[in-house]
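A structural walkthrough
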Amino acid sequence: MVALVGLVVGVLAGIFLEPSVPDSLQPYLPIAVVAALDAVFGGLRAYLDGIFDDKVFVVSFVSNVLIAGLIVYLGDQLGVGGQLSTGVIVVLGIRIFSNVAAIRRHVFHA
Amino acid sequence: MTTPPPRHYDDLLTQVLGGALDPDYRVTASRRGGAAPGRRTTVVVTLAAFGVLLGVSALQTERDRPAQLAERAQLVAEIHSRQGRLASLHTQLTSLQEGVAAQQVRLATEIDGERSLDSRLSELTTVAGATAVSGPGVKITVADAKGSGSGIGGVVRDSDLQLLANGLWEAGAEAVSIGGERLTSLSSIRFAGRAITVNYRSLTPPYVIEAVGDPDTLAARFLQTEAGGVWLSLKANYGIGFNVETASDLTLPAEPQSRLLYARMAGGR
C-alpha cells in the first residue's frame, strides 16, 4: 500500500514539477520507461511468489534502465538505433507479458 | 573453497520466455531461506523514481503531440498541393502534346505545299528557259540557198526564223533554241546588218534549230502548221536548205540573262 502511494506521488511529482530532461537523454526516455516497467512487473511477480527482495528489485530496476538506454545509445552511434530499440522493446515486451501472466495466475488462481 | 555449480545456458528464445522473472530473486531467496525482511523505504523510493519516469515521459509525449500534429497537417497539406500541381502539370502535358500533334500535322501540310511549289517552280523555270533542259525532240537545220549571194529570195530572213520558232511552239515544243540560244518569252530574232541575231548574238548560217517535245509527233505536227507549209514552199521555190530530223537526246542551255525588271507575281506571296 505504501509502495502504491510512492508510485502515485512519483507520477504526480513528474507531471507537476516538470523536471527538465536534457535534450541528449530525451530519445532514451521511452526505452527507459519500458525497461523500468519490466523491472516493476518482475518485482510484483516475485512479491506474489513470496521471494521478493528489495535489494534485487533496486538493482534490477537500475540496471534494466541503464542497460536499455546504453544499448539504444550504442545503436544510435552505429546507425541502427531504430532497429535496436525495436529489439529491446520486443524482448522487454515478451518478459512483461509472461510476468503479467504469472501475476494473473496468482491473483485469479487461474 | 567450493567449486561453483556447473552453469546451464539456454538459447536466447528460451531465456527470454523462461527467464522472465529475474533469477536473482530465486537465488537470494534460496540463500536466505524464506521471505525477506521488509525494508520498504528503498522500494518506495524506487517506485517513486519509476513514477517520475512515467510522468515525465507521458508529459513529454503530450507536449510533443501538437508539434507532431502540426507537422503532420503541414505534410498532408503539402502532399495535397503537390498532387494538385501534378494534376495541373498532367493537364499541361496533355495540352502540349495535343499542340505538338497539331504542329506536326501543320508541318506535314507545309512540307506537302513546299514540295508541290518546288515541282511547280521547276516546271515553270523549264518553261521560262531559266534552266537548261534535255530530252528528245527534233533538230532542224536551215541554210541559205546555194549561190544565193545576189538573189534576195534565197536568203533566210529573220521573219522566216520567227515563223519557224512560232511554228515549233504551235506544234507543241516545250523548249526551243536557235544556234544554241534558248528562246524565251523575251527573246528576239532580228536582222542586224546582214546577220541574224538571236538574244542579241549574231549567228551565221547554217542555222540549227533544236526543239524538245514529243519526238513522235513534233516533226509531223510542225510540218502541218502554217510555218511548216511556208518553209516547205521556201525550200521548193527558192532552194533554201530545210532539213528536219528527229533527235533522241537534245540538250538546250539556259537563257543566261532572263531577268524580269518590271513584272511581279500577281497576288504577291
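Let me begin by describing the structure that accompanies this report.

How each quantity is defined
- Residues numbered from 1 in each chain as written.
- Chains lettered and ligands numbered in written order.
- Predicted model: local features only at pLDDT ≥ 70, side-chain atom pairs only at ≥ 80, totals over all residues.
- Helix = DSSP H or I, 4+ residues; strand = E, 2+ residues; numbered from the N terminus.
- Buried ≥ 20, exposed ≤ 12 C-beta atoms within 10 Å, placed from the backbone.
- Contact = placed C-beta atoms within 7 Å.
- Expected span 1.5 Å × (residues − 1).
- Nonpolar A, V, L, I, M, F, W, Y, C, P; charged D, E, K, R; others polar.
- Pairing = 2+ DSSP bridges.
- Core = buried A, V, L, I, M, F, W, Y, C linked by C-beta atoms within 7 Å.
- Axes fitted to C-alpha atoms, helices over the stretch in contact; angles between N-to-C directions.
- Parallel < 35°, antiparallel > 145°, perpendicular 65-115°, else oblique.
- Left-handed = near helix turned anticlockwise from the far one by under 90°.

**Quick notes on the overall build of chain A**
Counting secondary structure elements, chain A contains four helices and zero strands. By residue count, 31% of the 110 residues in chain A fall in the buried class. Partitioning the contacts of chain A with sequence separation of at least 6, the portion at a separation of at least 24 is 67%.

**Some details on helix α4 (residues 81-108) of chain A**
Compared with an ideal rise of 1.5 Å per residue, which puts 28 residues at 40 Å, α4 of chain A spans 39 Å between its outermost C-alpha atoms and is within 8% of the ideal. A positive backbone phi angle near 55° is found at H109 of chain A, which sits one or two residues after α4 of chain A.

**Remarks on the interface of chain B and chain A**
In this complex, chain B contributes 31 residues to the contact, which on the side of chain A involves 39 residues. Listing elements by their share of the side of chain B that touches chain A, those giving two or more residues are α1 (12-18), α2 (23-32) and α3 (40-128) of chain B. If one sorts the elements of the side of chain B that touches chain A by residue count, α3 of chain B sits on top with 18 residues. Considering only residue class, the side of chain B that touches chain A consists of 19 nonpolar, seven polar and five charged.

**A closer look at the pairing of strand β4 (residues 189-192) of chain B**
All names here are of chain B. Across four bridges, β4 lies against strand β5 (residues 195-198) in antiparallel orientation. By the bridge assignment for β5, A192 is matched with A195. Between the end of β4 and the start of β5, which pair antiparallel, lie two residues, with G193 showing a positive phi angle near 70°.

**Quick notes on the nonpolar core**
I31, A32, A35 and A36 of chain A together with F50 and L53 of chain B are the most contacted members of the largest nonpolar core, which has 31 residues in total. Breaking this core down by element, the ones donating at least two residues are α1 (2-17), α2 (29-49) and α3 (54-78) of chain A together with α3 of chain B. When residues of this core are assigned to their parent elements, the largest contribution, nine residues, is made by α2 of chain A. Not counting residues up to four positions away in its chain, the partners in contact with A36 of chain A are F61, N64 and V65 of chain A together with F50 and L53 of chain B. Counting 29 residues, the second largest nonpolar core, distinct from the first, contains V142, A171, A211 and A219 of chain B.

**Considering the sheet that holds strand β3 (residues 181-182) of chain B**
All names here are of chain B. Here five strands make up an open sheet; going across it, the order is β3-β2-β7-β1-β8 and the pairing antiparallel. Both edges of this open sheet fall to β3 and β8 (241-252), since each of them pairs with a single strand only. In this sheet, strand β7 (residues 207-212) lies alongside strand β1 (residues 133-143) in antiparallel orientation, the contact comprising six bridges. Following the sheet pairing, V142 is matched in β7 by Y207.

**As for the packing of α3 of chain A against α4 of chain A**
All names here are of chain A. With their axes 7 Å apart at the nearest point, α3 and α4 run at an angle of 155° to one another. Taken together, α3 and α4 sit at an angle that is classed as roughly antiparallel. Of the two possible hands of crossing, α3 and α4 adopt the one that is right-handed. Facing α3, whose interface residues are A68, I71, V72, G75 and D76, α4 presents G81, Q83, L84, S85 and V88.

**Digging into the environment of L47 of chain B**
Secondary-structure assignment places L47 of chain B in helix α3. Residue class for L47 of chain B comes out buried when judged on the 25 C-beta atoms lying within 10 Å of it. Those residues in contact with L47 of chain B, other than ones at most four positions away along the chain, are A3, G6, L7 and G10 of chain A.

**Some thoughts on the sheet that holds β5 of chain B**
All names here are of chain B. The antiparallel open sheet is built from three strands, whose spatial order is β4-β5-β6. Whereas interior strands pair on both sides, the edge strands pair on one side only; in this sheet they are β4 and β6 (201-203). Direction aside, the axes of adjacent strands within the sheet are offset by 40° on average. Note: β5 against β6, three bridges, orientation antiparallel. Within β6, the residue paired with V198 across the bridge is R201.

**Quick look at unusual backbone geometry**
All names here are of chain B. Located in the positive-phi region is N199, a residue other than glycine, with phi close to 50°. Locating N199 in the fold gives a position in the loop between β5 and β6. A positive phi angle is found at Y200, which is not glycine, with a value near 65°. Using a count of 11 C-beta atoms within 10 Å as the deciding quantity, one classes Y200 as exposed.

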